[in-house]
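Results of the structural survey
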Amino acid sequence: MGAAYYRAESESGDHIEDPSEDALFMLIDNLNNSDNTSVVIQPDEDDPAWFTSVAVLDEGGYEVVRRDTTRREHDVATETSIDQIARDLTIWMAARDFPGRPTQHTRNF
């Protein structure tokens, strides 16, 4: 089994190492307005350089926060589609730097 690069943890204590898009969907779908209002995804390390979170809004929908200090990114958005949130976060996290992860190379053919 490979190393955990990041971890998703909900307020209720549910957590998943290196969650897939489907796993993120399930964590977000399980959020509610009483005792499980948010999920945080960040590298599994001390003092992570980036994180993202999803929180239930009282008026409906979700607040999605993306923060990456190394790239000076900080984005806050309101979304209603769990599918879209899980897809966007999966793509965003794939572009983050992870210590120990092999470098991705691209070639021009």
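The following refers to the structure shown. (Residues numbered from 1 in each chain as written. Predicted model: local features only at pLDDT ≥ 70, side-chain atom pairs only at ≥ 80, totals over all residues. Heavy atoms only, no water.)

**Focus on a negative patch on the surface**
A grouping of Asp44, Glu45, Asp46 and Asp47 is seen on the molecular surface, where their side chains present a negatively charged patch. Among the secondary structure elements, Asp47 is positioned in the loop between strand 3 (38-43) and strand 4 (50-56). (Patch = residues over 30% accessible without salt bridge, like charges linked within 9 Å, V, L, I, M, F, W, Y side chains within 5 Å. Areas by Shrake-Rupley, 256 points an atom, 1.4 Å probe, with all protein chains shown as cover. Salt bridge = Lys/Arg side-chain N within 4 Å of Asp/Glu carboxyl O. Lys, Arg positive; Asp, Glu negative; His and termini not counted. Charge placed at Lys NZ, Arg CZ, Asp CG, Glu CD. Helix = DSSP H or I, 4+ residues; strand = E, 2+ residues; numbered from the N terminus.)

**Remarks on the pairing of strand 1 (residues 6-10)**
The two faces of strand 1 differ: Tyr6, Ala8 and Ser10 on one face are buried, but Arg7 and Glu9 on the other face are not. Relative to strand 3, strand 1 is paired through five bridges, and the arrangement is antiparallel. Residue pairing in the sheet places Ala8 in a bridge with Ile41 of strand 3. Across three bridges, the pairing between strand 1 and strand 2 (residues 15-17) is antiparallel. Directly across from Ala8, in strand 2, lies its bridge partner Ile16. (Buried < 20%, exposed > 50% of the residue type's maximum accessible area, 1.4 Å probe, protein only. Pairing = 2+ DSSP bridges.)

Keep in mind these values describe shape, not function.
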